[in-house]
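Each chain, written out:
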Amino acid sequence: MTANPTRVLVLNSGSSSVKYQLLDMADRSRLAVGLVERIGEETSRLAHTPLATGGAKREREEPIADHEAALKAVARELAADGLGLDSPELAAIGHRVVHGGKKFTEPTVITEEVVAEIERLIPVAPLHNPANITGIRTAQALRPDLPQVAVFDTAFHTTMPESAARYAIDVETADAHRIRRYGFHGTSHAYVSRETARLLGKDPSEVNVIVLHLGNGASASAVRGGRCVDTSMGLTPLEGLVMGTRSGDLDPAVIFHLARNAGMSVDEIDSLLNKKSGLIGLCGDNDMREIRRRIDAGDEKAALAFEIYVHRLKKYIGAYYAVLGKVDAVAFTAGVGENAAPVREAAVAGLEELGLAVDADLNAVRADEPRLISPEYARVAVAVVPTDEELEIATQSYALVSA
Ligand SMILES: Nc1ncnc2c1ncn2[C@@H]1O[C@H](COP(=O)(O)OP(=O)(O)O)[C@@H](O)[C@H]1O
Ligand SMILES: CC(=O)OP(=O)(O)O
Ligand SMILES: [Mg+2]
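What counts, and at which threshold
- Residues numbered from 1 in each chain as written.
- Chains lettered and ligands numbered in written order.
- Predicted model: local features only at pLDDT ≥ 70, side-chain atom pairs only at ≥ 80, totals over all residues.
- Heavy atoms only, no water.
- Core = buried A, V, L, I, M, F, W, Y, C linked by side-chain atoms within 4.5 Å.
- Buried < 20%, exposed > 50% of the residue type's maximum accessible area, 1.4 Å probe, protein only.
- Helix = DSSP H or I, 4+ residues; strand = E, 2+ residues; numbered from the N terminus.
- Contact = heavy atoms within 4.5 Å.
- UniProt positions renumbered as here; feature names shortened; annotations may be inferred.
- Polar contact = N/O pair within 3.5 Å; in protein donor to acceptor, adjacent residues only side chain to side chain.
- Pairing = 2+ DSSP bridges.
- Axes fitted to C-alpha atoms, helices over the stretch in contact; angles between N-to-C directions.
- Near = heavy atom within 4 Å.
- Areas by Shrake-Rupley, 256 points an atom, 1.4 Å probe, with all protein chains shown as cover.
- Nonpolar A, V, L, I, M, F, W, Y, C, P; charged D, E, K, R; others polar.

Peer 1: Could you give me a rundown of the nonpolar core, with the residues and numbers involved?
Peer 2: Counting 43 residues, the largest nonpolar core has Leu212, Leu214, Met288, Tyr309, Val343 and Leu356 as its most contacted members. Going through the elements one at a time, strand E9 (208-214), strand E10 (218-224), helix H9 (278-283), helix H10 (288-296), helix H11 (300-324), strand E12 (329-333), helix H13 (341-348) and strand E14 (381-384) are the ones with two or more residues in this core. By residue number, the principal contributor to this core is H11, which donates 11 residues. Every residue in contact with Tyr309, bar those within four places of it in the chain, is listed here: Leu214, Val242, Leu279, Met288, Val336 and Val343. Residues Met160, Tyr191, Val209 and Leu391 belong to the second largest nonpolar core, which totals 27 residues.

Put into structure tokens, the structure is as follows:
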């Protein structure tokens, strides 16, 4: 063993993808980054960039049957650059675990009990937790001697008061089935709210921030003085904003109606709401770039999908403004939030009375740095703050194993 290993491999296993990064926490540099997509489909795609060697991005298409095969392919790519999992410089492997329930409020060294608890939560995170467990098991098999750390999407939201975390349903039924609002993307909400405070030159304890994490999955959160007080996702990542393929908020009676009158099974309705709704259900595309192209070409279906997406977003800004009472900043992040200027402009349009406005020139700037896009006179800062879930997972994992 090297005296003080400082490298951390971060694995973010999604339902059909694995994103990964190898970082050196001595200087927080990235040594390699990559992505395996379309796992389980006929042609999966692997993209790997060995930043440490200055090597070019390598892309290949090959069938990758499951998450175990994906992780082995990742290990092979890393080894090809001398960055293999057998390296004595590796201090830990950090795993994004989507559902940690109520129990996990902190990053946690993975033991058999921890895996058992993540398994117990599969019914409330059927798309995500199984992939996370396979990632953990495969990594354990490759490096049984190394600490594996779980960083939970739900952890940041465990500070929500009961008034925000409980659904208004029969308390005994809710408690018996652990039905409550857990919230997700917490690693991103935590990181972005802190970075937003830094951008304002303040301590996180001094600011109230509304964070809008708009990726393929999307969620909003209200953060008071560094602690989450409300968030838009609930028992599962289906509640809240309109997403790439998920409906977000909906009258629950829609489900009874489909079951009783459209002859759909529970599994079919689940698939409809999680995979065939949101932007893709409304207009056939879930990529905001493609939707904007279609709107520019005069496509009305795409325009309506965009309006529905923005309308929901605006409602959450208003709701969290009311929850917080005083707002210092609204921060846009993730793929859509960081890149789609028209979404930012439309979400804030008409909110001048609330002290919110976007400066068109600042909003058009493209940069990888946190930046303000509100005009100087605005009472509330509007910011674009790139998220970095992998760096945050590596930081938390390393802090735990090097303590
Ligand atoms: N240049 C861009 N302009 C507009 N939208 C973009 C751009 N780049 C990415 N996106 C949007 O970001 C989404 C992916 O966001 P990301 O945060 O990477 O998602 P996830 O982590 O959930 O897979 C894409 O589906 C697309 O809608
Ligand atoms: C929890 C969740 O929605 O994650 P993702 O955005 O990665 O799908
Ligand atoms: Mg994401």
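Peer 1: Describe the UniProt feature "active site" (unreviewed entry) in the chain, with residues and values.
Peer 2: Under the present numbering, the feature "active site" (unreviewed entry) in UniProt falls on Asp153. Structurally, Asp153 can be placed in the loop between strand E8 (148-152) and helix H4 (162-165). For Asp153, a relative accessible area of 1% corresponds to the buried category. A polar side-chain atom of Asp153 sits 2.7 Å from a polar atom in the side chain of Arg96.

Peer 1: An account of the environment of Met243 is requested, with residue identities and associated values reported.
Peer 2: Note on placement: Met243 falls in the loop between strand E11 (227-231) and helix H7 (253-261). For Met243, a relative accessible area of 0% puts it in the buried group. A C-alpha to C-alpha distance of 5.5 Å links Met243 and Gly217, two positions 26 residues apart in sequence.

Peer 1: So what's going on with the sheet that holds E12? Which residues, and what values?
Peer 2: Overall, mixed pairing links the 6 strands, which are arranged E11-E10-E9-E12-E14-E13 in an open sheet. The sheet terminates laterally at E11 and strand E13 (371-372), the two strands that pair on one side only. Pairing of E9 with E12, which is carried by 5 bridges, proceeds in the parallel orientation. Counted as the bridge partner of Val209 is Ala329 from E12. Across the sheet, H11 lies against E9, E10 and E11, angled at about 160° from E9, the strand it touches most. In the packing of H13 onto the sheet, the strands contacted are E9, E12, E13 and E14, and the crossing angle to E12 comes to about 150°.

Peer 1: Account for the site of ligand 2, with residues named and values stated.
Peer 2: Close contacts around ligand 2 come from Arg96, His128, Asp153, Phe184, His185, Gly217, Met233, Pro237 and Arg246, and that covers them all. Arg96 places a polar side-chain atom, nitrogen or oxygen, 3.1 Å from an oxygen atom of ligand 2. Between an oxygen atom of ligand 2 and a side-chain N or O atom of His185, the distance comes to 2.7 Å. Against a free-state accessible area of 260 Å², the protein chains account for coverage of 81% of ligand 2. Looking at the shell around ligand 2 residue by residue, the classes come out as 3 nonpolar, 3 polar and 3 charged.

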